[in-house]
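# Per-entry structural report
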Number of protein chains: 2
Amino acid sequence: MPDVAVIGIGMLPFGRHPERTVVDMGTEATLLALQDAGLPPARVGAGFFANALAGRLFGDMTIGQNVFGEAGINRIPVINVENACTSGSTAFYLAYNAVAAGQVEVALAAGAEKMCVPGFGLINSGENELETKLGLVTPASFALRAMRHMAEFGTTPAQLAAVSVKNRRHARHNPMAQFREPVTVEDVLTAPMIADPLTRLMCCPIADGAAAAILCSTASARRMQRAVQVKAAVLCSGSYENPQDLVRWETDYRVCRLAYEKAGVDPADLDLVECHDAFSIAEILHYEALGLCLPGEGGRLAAEGETALGGRIPVNTSGGLLSRGHPVAATGLAQVCEVITQLRGEAGQRQVAKAKIGLAHCAGGDKDGDTKSSTVLIFAV
Amino acid sequence: MPDVAVIGIGMLPFGRHPERTVVDMGTEATLLALQDAGLPPARVGAGFFANALAGRLFGDMTIGQNVFGEAGINRIPVINVENACTSGSTAFYLAYNAVAAGQVEVALAAGAEKMCVPGFGLINSGENELETKLGLVTPASFALRAMRHMAEFGTTPAQLAAVSVKNRRHARHNPMAQFREPVTVEDVLTAPMIADPLTRLMCCPIADGAAAAILCSTASARRMQRAVQVKAAVLCSGSYENPQDLVRWETDYRVCRLAYEKAGVDPADLDLVECHDAFSIAEILHYEALGLCLPGEGGRLAAEGETALGGRIPVNTSGGLLSRGHPVAATGLAQVCEVITQLRGEAGQRQVAKAKIGLAHCAGGDKDGDTKSSTVLIFAV
């Protein structure tokens, strides 16, 4: 099987874009990625497009064909995918598989989402889910996890706030991030309460946005500057067997273990991580699943600055979902854009020195206490 | 690359199922396919789930995880896909690729759709499509094609009706079909006009339903009775370059050519075809793209009985979309179920004698005169 590299990335600044559509945002990200790769549209052999909400919000279908068609990419297999918050990373996973299997030389993954529209409220796993109907919307579910982590390990609201403060500090130097003004622990703790103990500044904002990546075989990429190797791309759905354990997603632990095995790296080898901080407690739980610290120590890790720029293992140098915003199906590919930018050494004032190995982690959906889909992508230069 | 076989199929009778959900229909089809394959859920290595409308109609997300979880399939990569009317065949295509690439030994493709709900009207390519807003809903688009075929080749309304009559006659012996009462050419021609020249009996009905298939490497399948080999699975998106030519979908011609090349077969080798007769004119156009006759001769082919059971090349022995009904994302997999049933020699009174090679064809979406996605699957025993 050929090794796979990322040779192009593109994304739009996330935020409120009332004048833009899913298609035109997706097209711009795709064109930016093609331009970054220095490839004409005709070189793309397969396209995977991620969107999670446009069917529900706008009645759209087969959006990927419109996006790629607008970008001048025709005649290839185009597949529209949805996997909740892992939609974008699922598109990447399929593009990786298509290249790794030798089915195409060049594959494209793009994701776009438009959420800042009247009538759209909380993100949830589907309006028909029994848990959603009973009130367990996503912030409530994460609030339960936070409460449990506090009870089990003594994690404090100030530690939860430290995640938000760190990610906002990182976002200051990321022009793609939606919120870039610094906040203090006190700002976070005194923000309006959404679901106790999670205040508004501990919950990621919705956003409009798009991101894309272009992958090819490493052999082809040797001719290209700035190629970054994909060491692992792993996707798992949930086991739905541990509803009693609110502080360990079994699927997250499993997908991390599989990805480390596949890439042949340890947590200690990582230079940076983008993880799915949909809520500040989520980042803490993901630290633990990723093996950045022992179970229960995630709050301390954030509060002591170990995951800040300059710390032992910087997490969410982009600002994460908490500051960059979370246009659902674009997020997984925005994480890819950040890791690639860092590994190319092009991250400017938020650059992690000598970054050689980076990881992007996503988790999506919620079912019986487990995630419905978790992905881990590991990259290296 | 390992060769791939279908070792299990399952589907529900299509029709109005007001008491059922997308999830429970998808689960039943999945369980039937597992039972047919004689495999426990734990043997499935990857799952691809197709749905096109549940986001729009019910606000659902990540349905595949719910469906497969209910069927006892957990911990594997699950991917939700949408490609309009080719959603089900796209799930099959991805499952095929996963096995062909050696990524998994056993893959599952399932599709389910619930459409018979208050407020759902015409199928279209998306409520935000400019063409839809301007009135070019799907029946209107196919009516233009029919008018053009009549003008260019002398095709008659009676020939269009012959397709509907034939498929209804086939459906009589298919317990999975929604409409099984015979109709005459006169019945079809005097049915209410939907979009001139297409009457209601020339348009496929909406339906609720689900279908599934289980694939594995041919090497593993050797141990199993009744395995059917997949000779080709090809998917193409449109070129959107021939809006003036309403009687030739460039993408359909291309996907057929690629599939025949890959499978190493000619149209003359086929024993039966399931094709995407969303409207009777569509079946005629697909005959021509598939090379079952010369361009322009499709109407005559149907009217002279060459595509009827007992004819030269039986098409839509299941009754097709026109009689079986068209629960969008289930259709592509229902076609697979029919071809596999025929190649196993288990089609009862609608059996094609000595059937060895069968083809399933889907076309989905509409953009600038081309299809947004076309798939061809070729099977052999």
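Residues numbered from 1 in each chain as written. Chains lettered and ligands numbered in written order. Predicted model: local features only at pLDDT ≥ 70, side-chain atom pairs only at ≥ 80, totals over all residues.

## A short note on the overall build of chain A
To be explicit about the condition: Only DSSP runs of H or I with at least four residues qualify as helices, and only runs of E with at least two residues qualify as strands; both kinds are numbered from the N terminus onward. Only C-alpha atoms enter the radius of gyration, while the globule expectation follows 2.2 Å times N to the 0.38, with N the number of residues. Counting other C-beta atoms within 10 Å of each residue's C-beta, where C-beta atoms are placed from the backbone, gives the exposure class: buried for 20 or more, exposed for 12 or fewer, partly exposed between. Each residue is represented by a C-beta atom placed from its backbone, and any two residues with such atoms within 7 Å are regarded as in contact.
Scanning chain A from terminus to terminus reveals 14 helices and eleven strands. On C-alpha atoms alone, chain A measures out to a radius of gyration of 19 Å, which is about the 21 Å that the 2.2 N^0.38 rule sets for 381 residues. The C-alpha extent of chain A, read off along each of the three principal axes, is 55 × 45 × 40 Å. Taken over 381 residues, chain A has a buried fraction of 64%. Look at the contacts in chain A between residues 6 or more apart in sequence, and 78% of them connect residues 24 or more apart.

## Some remarks on the relation of the copies chain A and chain B
Counted only if it meets this: Superposition of the copies used a least-squares fit over C-alpha atoms from residues whose pLDDT is at least 70 in both.
With an RMSD of 0.0 Å, chain A superimposes on chain B once it is rotated by 180° and translated 0.0 Å along the axis. On the angle and the small slide along the axis, the relation comes out as a two-fold axis. Interface residue correspondence from chain A to chain B reaches 100%, placing this contact among same-surface, isologous pairings.

## Brief notes about the confidence of the model for chain A
Inclusion rule: Residue-level confidence of the predictor, termed pLDDT, takes values from 0 up to 100.
On average, residues of chain A score 94 in pLDDT, and 97% of them are at 70 or above. Quick note on the complex model: pTM equals 0.96, ipTM equals 0.95.

## Quick word on the environment of Val228(A)
All names here are of chain A. Relative to the elements of secondary structure, Val-228 occurs in strand β8 (residues 228–237). Looking at Val-228, the number of C-beta atoms within 10 Å reads 23, which means it is buried. With 183 residues separating them in the primary sequence, Val-228 and Gly-45 have C-alpha atoms 19 Å apart. Apart from the residues lying within four places of it in its own chain, the contact partners of Val-228 are Ala-5, Val-6, Ile-340, Leu-343, Arg-344, Phe-379 and Val-381.

## A word on the interface of chain A and chain B
Heads up, the rule is: The residue classification treats Ala, Val, Leu, Ile, Met, Phe, Trp, Tyr, Cys and Pro as nonpolar and Asp, Glu, Lys and Arg as charged. All others, Gly included, are polar.
Across the contact, 42 residues belong to chain A and 42 residues belong to chain B. Those elements that place two or more of their residues in the side of chain A that touches chain B are α2 (54–58), α3 (63–70), β3 (78–82), α4 (87–100) and β8 of chain A. Broken down by element, the residue count for the side of chain A that touches chain B peaks at five residues, all from β3(A). Of the residues that constitute the side of chain A that touches chain B, the class distribution is 14 nonpolar, 20 polar and eight charged.

## Re the pairing of strand β7 (residues 209–217) of chain B
Residue and element names in this part refer to chain B. How we decide: Strand pairing requires that DSSP identify at least two bridges connecting the strands.
Counting buried residues in β7 gives nine out of nine residues, a clear majority hidden from the surface. Where strand β4 (residues 106–113) meets β7, eight bridges bridge the pair, whose relative direction is antiparallel. Residue pairing for β7: Ala-109 is matched across the bridge by Ala-213.

## Observations regarding the domain arrangement of chain A
Residues and elements named next belong to chain A. Note the threshold: For the domains described, the bounds stem from an automatic or database domain assignment.
When cut into domains, chain A gives domain 1 (4–118 + 207–228) and domain 2 (130–205 + 233–380). The C-alpha centroid of domain 2 is placed 23 Å from the C-alpha centroid of domain 1. Of the residues lining the interface, 36 residues belong to domain 1; the matching set on domain 2 comes to 36 residues. For the side of domain 1 that touches domain 2, the secondary-structure elements that each account for two or more residues are β1 (4–11), α4, β4 (106–113) and β7 (209–217). At seven residues, the largest contribution of residues to the side of domain 1 that touches domain 2 is made by α4.

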